[in-house]
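Each chain is listed here by its residues.
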Amino acid sequence: MISLSLDSSPSPSPSPTVSISSEDHDRPPSPMANAPSSFASSLSPPGLSTFHADLATSPITGGFASQMHLSPPSFTSPMRTQSVGSKYLRRQSSSVDEDAVHDALSPTHVSPAQLYSTESGRLFHAGKICIVLVGLPARGKTHLAVSLTRYLRWLGVKTHAFHLGDYRRVHIAPGTDVPDDYFLVNASPSTVILRQRVMAACKADVYRFFEEDRGQVAIYDAVNPTSAGRRVLVKEFSQRGIQTLFIESICDKPEIIEANVRSVKISSPDYIGWDEKEAIKHYLRRISDKIPHYETLDEPEFSYIKLYNAGERILLNNSRMGYLPNRIVFYLMNLHIKAGCVYFARAGKSTEQMPRYKSDPRLSDEGRTYARILTDTLLEHRRSEHTARGTHGDNSPERELIVWTSTRRRTIETSTEFEKRGFSCRQRPQLSQMHPGSCDGLSGKELEKQFPEEVELHKKDPYRHRFPRAESYHDLAVRLEPVILEMERIPNDILIIAHVSVLRVLYGYLMACSPFDIPALDFERNEIVEIIPSAYNNKVKRIKIYGVEESQTL
């Protein structure tokens, strides 16, 4: 048994385990995303017009923006259909402004940071893993399930979170109340039968995910309060060749529990239309009903992870090392309940009309004006949001704001107004834009003339194609993993000022976008994009910057 105490700066990867998660009061899963097996398929690709960027001369970051223009963020890619499926209970997201973390994946799905693929669809020689979540309500299990799903999918591991509460809501007719004894251990026979049907439906989808969809990690999200019930799960999964990893979320800090209760009240489908005080009262009663019958994980033969107070301490038991389990544990060491928002903003315009990557120009007078307006706009927005939270009973102090930029001059100079006002600004080399390679300084027409074959390849696969000596979006996604882990670790607000190529990839992670979506994402200079975290999914808000013209190129 290994016990790890974590501070705000987690250390490198410890020992892992396998994964399975479950919870009896969370968000619904989703149907299949019909992704083609190859990006260079016969699908009509987004093409070169997808690269709106700051460097108008760079083909991989926007060289064709002046000649062709793509539709705004409501763009629907081949992987985001609007079909409604019953397979995983949930309507699939139809826009890149909707978090797709709950969408079901096709067997041929390819992820943004995936390094390789296999015939079985499973990676890292890890086999089939079910992560079973354990813990009382309001202990952060839903957040844990969704966050793990987002991260593992980003790596290319086919993962889906199965929230038992979603299946309960489907099995209880609309307008019908949940039986009063549904959450009690000593429930009536009719309620016990209902619960058995709900659990059977959920487990059937778990098995379908492994057997039909070539899934690798299923997260079974439920309370799973008793040792006897957990032993039944291990035996049943083992008979189907599925490894079981338990992750228990333990919390004894009232402020964390209260924050989780408020988050669930706001986000959970169970409390749509409820008065806030009544919803919180009902939810707390649901917790108290389970406490007398809850048994913490203590089975020595199980592989399990205990997570104390949202990442304050981690305890591992019977962990059998392997690459994927190690990645899971390493991620958990960085994970905290995310309360702060992430803001994306572009850098101001430079002194050069057609800048080259190598020149690294400074901000123009117009760019410095933009930097000042950007600062005023964001700070005013944060003040108004803090005031609004206070009117809804959240009396916590205003969250700290941290500003990240790349090491390029324009991004650094765009952040100087924040630094002057006392905010922490940090330069991160990983946030530098995609390198244009041999195409630096070429216009769209020049590129088509000098590299006609590369242009055709790029049209077929704008996400993974590299121009000579250049980076692709896929290269950038792999490079940004340390930034992604630190975003998960920091609980406060973060403003990222970077090139549009970087913003696309980070947005793609937080909103679970497909590789088809990412090259087509638009970030106008006259708006700030805000990603608002919640237990079930992330939400997007666009903040208008008045006094700045719409612009996608320099």
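Note: the structure precedes this text.
Owing to the predicted nature of the structure, the values given are computational and were not obtained by experimental measurement. (Residues numbered from 1 in each chain as written. Predicted model: local features only at pLDDT ≥ 70, side-chain atom pairs only at ≥ 80, totals over all residues. Heavy atoms only, no water.)

## Quick look at helix H2 (residues 164-171)
- When you tally the buried positions in H2, you get six out of eight residues, the bulk of the element.
- Listed in full, the buried residues belonging to H2 are Leu164, Gly165, Asp166, Tyr167, Arg168 and Arg169. (Buried < 20%, exposed > 50% of the residue type's maximum accessible area, 1.4 Å probe, protein only. Helix = DSSP H or I, 4+ residues; strand = E, 2+ residues; numbered from the N terminus.)

## What to know about the environment of Ser364
- Inspection of the secondary structure puts Ser364 in the loop between strand E10 (342-346) and helix H8 (365-391).
- The class for Ser364 is buried, based on a relative accessible area of 14%.
- In this structure the C-alpha to C-alpha distance between Ser364 and Gln353, which are eleven residues apart in sequence, comes to 10.0 Å.
- Setting aside residues no more than four positions away along its own chain, Ser364 makes contact with Lys349, Ser350 and Thr351. (Contact = heavy atoms within 4.5 Å.)

## Section: the layout of surface pockets
- Taken as a whole, the second largest pocket spans an internal volume of roughly 680 Å³.
- The wall of the second largest pocket is formed by 25 residues, among which Leu164, Arg195, Met199, Pro225 and Thr226 lie closest to the centre.
- For the lining of the second largest pocket, the secondary structure elements donating two or more residues are helix H3 (189-211) and helix H4 (227-239).
- Here the lining of the second largest pocket gets seven residues from one element, more than from any other, and that element is H3.
- Grouping the amino acids of the lining of the second largest pocket by side-chain chemistry returns 15 nonpolar, five polar and five charged. (1 Å grid on protein atoms, 1.4 Å probe; cavity = no way out; pocket = protein on both sides within 12 Å on 5 of 7 lines; lining within 4 Å. Points joined across faces, edges and corners; volume = space filled by probe spheres on them. Nonpolar A, V, L, I, M, F, W, Y, C, P; charged D, E, K, R; others polar.)

## Notes on the pattern of salt bridges
- Applying the stated rule across the entire model yields 30 salt bridges.
- Note that Arg466 and Asp475 form a salt bridge whose closest N and O atoms lie 2.5 Å from each other.
- Judged by its relative accessible area of 18%, Asp475 falls in the buried class.
- Residues joined in a network through salt bridges with shared partners are Asp376, Glu417, Lys420 and Arg421. (Salt bridge = Lys/Arg side-chain N within 4 Å of Asp/Glu carboxyl O.)

## Focus: the environment of Val223
- Locating Val223 in the fold gives a position in the loop between strand E6 (217-221) and H4.
- Val223 sits in the buried class, given a relative accessible area of 3%.
- Considering only alpha carbons, one finds Val223 and Lys141, 82 residues apart in sequence, at a separation of 8.5 Å.

## Looking at the sheet that holds strand E11 (residues 401-405)
- An order of E12-E11-E13-E10-E14-E15 is seen for the six strands of this open sheet, with the pairing classed as mixed. Single-partner strands in this sheet number two, and they are strand E12 (424-427) and strand E15 (539-544). Strand-to-strand, the axes of this sheet are offset by a mean angle of 20°, without reference to chain direction.
- Sheet topology places E11 next to strand E13 (residues 493-498); five bridges connect them, and they run parallel. Note on E13: the bridge partner recorded for Val403 is Leu495.
- Here H8 sits on the sheet and contacts E10, E11, E13, strand E14 (527-532) and E15; the angle it forms with E10, its principal contact strand, is near 160°.
- Running at roughly 160° to E10, helix H15 (residues 500-510) makes contact with E10, E13, E14 and E15 of the sheet. (Pairing = 2+ DSSP bridges. Axes fitted to C-alpha atoms, helices over the stretch in contact; angles between N-to-C directions.)

## A look at the packing of helix H1 (residues 141-155) against H15
- Interaxial distance between H1 and H15 falls to 9 Å at its minimum, and their mutual angle equals 130°. Taken together, H1 and H15 sit at an angle that is classed as oblique. In this structure, H1 contributes Arg150, Tyr151 and Trp154 to the contact, and H15 contributes Val505, Gly508, Tyr509 and Leu510.
- Across the contact of H1 with H15, the residue classes break down as five nonpolar, one polar and one charged. (Parallel < 35°, antiparallel > 145°, perpendicular 65-115°, else oblique.)

## Quick notes on the nonpolar core
- By size, the foremost hydrophobic cluster in this structure holds 67 residues, and its most contacted members are Ile131, Leu148, Leu332, Phe344, Met487, Ile496 and Leu506.
- Here the element with the most residues in this core is H15; it accounts for eight residues.
- Apart from the residues within four sequence positions on either side, Ile496 is in contact with Val342, Tyr343, Phe344, Ala345, Trp404, Leu431, Met487, Leu503 and Leu506. (Core = buried A, V, L, I, M, F, W, Y, C linked by side-chain atoms within 4.5 Å.)

## A look at the packing of helix H14 (residues 481-489) against H15
- Orientation of H14 relative to H15, taken along the N-to-C sense of each, is 50°, at an axis distance of 11 Å. Comparing their axes, H15 and H14 come out oblique. Relative to H15, H14 is oriented so that their crossing is right-handed. Note on element contacts: H15 touches H14 through Leu506, Tyr509 and Leu510, opposite Val483, Ile484, Met487 and Glu488.
- Split by residue class, the contact of H14 with H15 holds six nonpolar, no polar and one charged. (Left-handed = near helix turned anticlockwise from the far one by under 90°.)

## What about H3?
- Here H3 spans 33 Å end to end across 23 residues, near enough to the 33 Å set by a 1.5 Å rise per residue.
- Listed in full, the buried residues belonging to H3 are Thr191, Leu194, Val198, Cys202, Lys203, Asp205, Val206, Tyr207, Phe209 and Phe210.
- Against strand E4 (128-134), strand E5 (159-163), H2, E6, H4 and strand E7 (242-250) lie the buried residues of H3. (Expected span 1.5 Å × (residues − 1).)

## Digging into the side chain of Ser472
- As for its placement among the helices and strands, Ser472 is situated in the loop between helix H12 (452-460) and helix H13 (473-479).
- Residues in contact with Ser472, not counting those within four places in the same chain, are Met434, Tyr463, Arg464, His465 and Arg466.

## Looking at the environment of Ala259
- Locating Ala259 in the fold gives a position in helix H5 (residues 254-267).
- The exposure class assigned to Ala259 is partly exposed, which follows from its relative accessible area of 43%.
- The spatial distance from the C-alpha of Ala259 to the C-alpha of Ile337 is 9.4 Å, given a sequence separation of 78 residues.

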